[in-house]
Each structure stands twice: as structure tokens, then as C-alpha cells.
Amino acid sequence: MNANADLYAALGVSRDASQEDIKRAFRKLAMEYHPDRNKSEGAEDRFKEISAAYDVLSDEEKRRTYDRFGINGLNGGGQHGFSGFEGFGGFGDIFDAFFNGTATRRPGPQRGADRRATLHISLEDAVFGGEQEIEFDRVARCEECRGSGGAPGTTPVTCPECNGQGEVRRVQESLFGRFVNAALCTRCDGDGEVVSEPCTECRGRGVRREHVARVVNVPAGVDEEHQIRLSGEGDSGQRRGPAGNVYLDIEVEPHEHFARQRSHLVYELPLNPAQAALGASLEVPTIDGDPVPLEVPPGTQPGHVFTVRGHGVPHLRGNGRGDLLVHTHVVTPTKLTDEQRELLEQLADSLGTPSMPDHERGFFDRVREAFT
């Protein structure tokens, strides 16, 4: 840095800037131009410039000397110059000292982890709801040692690694002076204490895995896209922290007769050709258990849908229920008696070959007929 350099301009602050303003400006610029973060050309030189400026302006005595005599006054007075960075532990040390030099706080209560489980239910259970039992594994507090990790009757002792502080401190010399870097003690995990004799039940961990069963209230109308939360039934928290939750994914088993379409149920109604042609008075099953009558009019086509109101799935967040949608399916017989075959042959001769309705015929069929 040359003798005419303006250290205040290097940090982008005024000459009457407070120490807090100078510190804030350096922090911002150091984050921007640190060589480990900024690989562009000139970033390292810029970082050296702002670091040297901060070294002077953050020190009250150096700052007064600079304000009176400039950079030459610092060099002549035996102060730290700007030709090099002797005694400077590298750019990583600057960052550690400036940004990580504060003491690490001992961790407080930590919430336990959440768990997931799958609840298998029938379609009837999804429609009408009710109580269901679910089993799952979780990490729970050891009842033998009550979560301390020590054998019953023993007391924790001061951690020899951190002397009960919960953190290990490291003194570091840098351009800005001596800084203390504090890190969480890995031996006691920040507690400041270790067990003298581990619990035989949990081997000193304070927690153990357990298999539990719970009764769940399944709301009527639940579907596979929904989730049930069991609050506080997850893993035990650390340092008296709250337990996590258990989230249940719903899986509805296939039904023998019905399929589900959101709030509606679908039933496939088989018809023989005579029933479809002549019509029939039938009964169709419902999820409620009692069948309902259904009038099939003559000439019903395959795929026709009849709607039976109010026999579907209850609305989960509202009143009322969906409908039962009855899809007709005409079943062609594959085995006929001699009498049935004779009757069908007579019917076939009487009906002749059916023609497709005009609206269902293809474009080329109509063009072909126009030229014949």
C-alpha cells in the first residue's frame, strides 16, 4: 500500500466513523473479498488492503498516529507497516479470529426427531372412520437411568476434557491480536459432565429403542393423500427437550366390490345381453351394507353410469357424502346350452346386423357411402 493511500476510503467509511462502523465495514468487505470465497482476479490484493486498513483503524493508538502523520508516520514510528504480513497466520486465521472467535454457547434442550409409519386400513375404515391400532419403533428415554446415562445410584462427574465448561477454548494469535476460539466439547457433548459408570440398560446413552402400540382415531372420509399426526409420540428429546411427532401415512387396502374416486365410490354392475336389452329391476350393494334397488331401463348400453345419491364417502371437511356411481358392464356368455343357442340364433336372424349410429361412424365411412 503506497504512502498516499486513504485507509478510510479502503474501508468505505468517513474519517469520523465509529469503531462499530469500521468493524461493520470490514466484516462486509472481508466476506466479499476473502480469497477462499472470491476467486476473481485482484480479490486477494483487495482483501490485503482492507485487512491492513482495519489493522490500523481498529486500534485507537494506531488510528491517532495515522490521522496525524499518515502511513509514513506509522512506518517511522515503528508501527506495523504495509509491506508484508509477518506474524499473520493466513487468511483462514483472519476469518477464524474475526467471525468465529466468540464463545460457543452450551446447547440447550433439543427437540426429538420425528418418525413416520404407515397405517393400513380397509375402505370401510376410510369411509366411516373409527379407532385403529398402530405399532412403530422410536427412541425413548431409558427408564432405568431416567435419561442420565449413568448407572442407578451413581452421579455424573466433571468432564476432564473441558473441566465442566462444556466447551474447549483455543487461544489464537492474529493480525488483530489475541482471540479465543471456543468449540463444543466432543467428550461431554456440551454438558460439562460425563457419567462415571454407564447404565447397563442403555450403555450410557440415556435412550433406548422401543416398540410401542397406540390407538389412533381415524376420521371418516380419510384418504391416502391425508396424514395423521401423533403429537409427542416421536423420538425423545435431548437435555429435557420435547419429543418429536409421529406422522402416519394412510394406505387403503383394495376392496372386493368398490373403487374410490375422491368422494365417490364406483361399482361395476354386470348385465347379461337380455337384461341390457329388455331392462331389469336389480339391487346393487352399498358400502353401508344394505343393497339399494336400481331400475335398468331397456336398451341400456355398456358403460352407462347410474348415480345412487348419498352412498359414497363422507366429506372429510364438510357435511354430506359423495355418491355411488354404478357403471354397467354387459357380459357376453361364453357357454350356452342348446336351447339358449337356438333362441339366440333366432334373435340374431330377427334383429339382423346392427348399424352404427351416424354420430359414431368415422369420417371415412361416411365418405365411402357417399360414393357408392
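Up top is the structure.
Residues numbered from 1 in each chain as written. Predicted model: local features only at pLDDT ≥ 70, side-chain atom pairs only at ≥ 80, totals over all residues. Heavy atoms only, no water.

Student: Help me out: how do you make sense of the pairing of strand β14 (residues 305-308) in this one?
Tutor: Within a regular beta strand, the side chains point alternately toward one face of the sheet and then the other, so they alternate between its two faces. The alternating pattern of β14 places Phe306 and Val308 on a buried face, while none of Val305 and Thr307, on the opposite face, is buried. In the sheet, β14 pairs with strand β15 (residues 324-330) via four bridges, with the strands oriented antiparallel. Note that in β15 the partner of Phe306 across the bridge is Val326. (Buried < 20%, exposed > 50% of the residue type's maximum accessible area, 1.4 Å probe, protein only. Helix = DSSP H or I, 4+ residues; strand = E, 2+ residues; numbered from the N terminus. Pairing = 2+ DSSP bridges.)

Student: Explanation requested: helix α3 (residues 43-57) in the structure shown.
Tutor: Working note: α-helix, 3.6 residues per turn, so residues spaced by three or four point in the same direction. The terminal C-alpha atoms of α3, which comprises 15 residues, lie 21 Å apart, in line with the 21 Å expected from a rise of 1.5 Å per residue. Residues Ala43, Phe47, Ile50, Ser51, Ala52, Ala53, Tyr54, Asp55, Val56 and Leu57 constitute the buried set of α3. (Expected span 1.5 Å × (residues − 1).)

Student: What's the story with the packing of aromatic side chains in this structure? I'm lost.
Tutor: To describe a pair of aromatic rings, you give the distance between the ring centres and the angle between the ring planes. Tallied over the entire structure, the rule returns three aromatic pairs. Judged by centre distance (6.0 Å) and plane angle (45°), the rings of Tyr8 and Tyr66 are tilted. Of this pair, Tyr8 sits in helix α1 (residues 7-11) while Tyr66 sits in helix α4 (residues 60-76); the two residues are 58 residues apart in sequence, bridging distant segments of the chain. Overall, Tyr8 belongs to the buried group, its relative accessible area being 1%. Among the residues examined, Tyr66 registers a relative accessible area of 6% and is labelled buried. Ring centres 4.3 Å apart and planes at 15° place the aromatic pair Phe26 and Tyr54 in the stacked group. Residue Phe26 is located in helix α2 (residues 19-33), and its partner Tyr54 is located in helix α3; the two are separated by 28 residues in the primary sequence. Across the ring face of Tyr33, the terminal group of Arg46 is positioned such that the distance to the ring centre comes to 5.4 Å. (Phe/Tyr/Trp six-rings, centres within 6.5 Å; stacked < 30°, edge-to-face > 60°. Lys NZ or Arg CZ within 6 Å of the ring centre and 35° of its normal.)

Student: Before we go on, may I ask you to explain the sheet that holds β14 in this structure?
Tutor: Neighbouring strands of a sheet are bound in pairs by backbone hydrogen bonds; such pairs are parallel or else antiparallel. Ordered by their spatial adjacency, four strands build an open sheet running β10-β11-β15-β14, and the pairing between neighbours is mixed. Edge positions in the sheet fall to β10 (258-261) and β14, since each has one partner strand and no second. Ignoring which end each strand starts from, the neighbouring axes of this sheet average 30° apart. As defined by bridge partners, β10 adjoins strand β11 (residues 264-271) across four bridges and the pair is classed as antiparallel. The residue of β11 that forms the bridge with Arg260 is Leu265. (Axes fitted to C-alpha atoms, helices over the stretch in contact; angles between N-to-C directions.)

Student: Help me out: how do you make sense of the pattern of salt bridges in this one?
Tutor: Oppositely charged side chains can form a pair if their charged atoms are brought close together. One pass over the full model with this rule turns up 18 salt bridges. The partner of Glu44 in a salt bridge is Lys48, with the nearest N and O atoms 3.8 Å apart. Here Glu44 and its partner Lys48 are both found in helix α3, four residues apart, which amounts to about one turn of the helix. Notably, a salt bridge pairs Arg138 with Glu210, separated by 2.7 Å at the nearest N-O pair. Taken together, the residues span a long stretch of sequence, with Arg138 in strand β2 (residues 130-141) and Glu210 in strand β7 (residues 207-218) at a distance of 72 residues. The same class applies to Arg138 as to Glu210, namely buried. (Salt bridge = Lys/Arg side-chain N within 4 Å of Asp/Glu carboxyl O.)

Student: It is not clear to me how the layout of surface pockets should be interpreted in this structure. Could you clarify?
Tutor: Where empty space is left can be seen by rolling a probe of water-molecule size over the atoms. Taken as a whole, the largest pocket encloses approximately 970 Å³ of empty space. Lining the largest pocket are 27 residues, with Gly147, Ser148, Asp191, Arg205 and Arg239 positioned closest to its centre. Residues of the lining of the largest pocket, tallied by class, amount to six nonpolar, 10 polar and 11 charged. Roughly 500 Å³ of volume is contained in the second largest pocket. Forming the walls of the second largest pocket are 14 residues, and the residues nearest its centre are Pro273, Ala277, Leu344, Leu347 and Leu351. Broken down by secondary-structure element, the contributors of at least two residues to the lining of the second largest pocket are α7 (273-278) and α8 (338-351). (1 Å grid on protein atoms, 1.4 Å probe; cavity = no way out; pocket = protein on both sides within 12 Å on 5 of 7 lines; lining within 4 Å. Points joined across faces, edges and corners; volume = space filled by probe spheres on them. Nonpolar A, V, L, I, M, F, W, Y, C, P; charged D, E, K, R; others polar.)

Student: Explanation requested: the pairing of strand β8 (residues 227-230) in the structure shown.
Tutor: Where burial is concerned, the two faces of β8 differ: the one with Ile228 and Leu230 is buried and the one with Gln227 and Arg229 is not. When β8 meets strand β9 (residues 246-252), the two strands line up antiparallel, connected through four bridges. Looking across to β9, one finds that Ile228 is bridged to Leu248.

Student: Before we go on, may I ask you to explain the sheet that holds β9 in this structure?
Tutor: Strands sit in the order β1-β9-β8 across an open sheet of three strands; the sheet is mixed. The sheet is open, and its two borders are formed by β1 (115-121) and β8, each paired with just one other strand. Strand-to-strand twist in this sheet, taken as the mean axis angle between neighbours without regard to direction, amounts to 30°. Across seven bridges, β1 lies against β9 in parallel orientation. Along β9, the bridge assignment pairs Arg115 with Val246.

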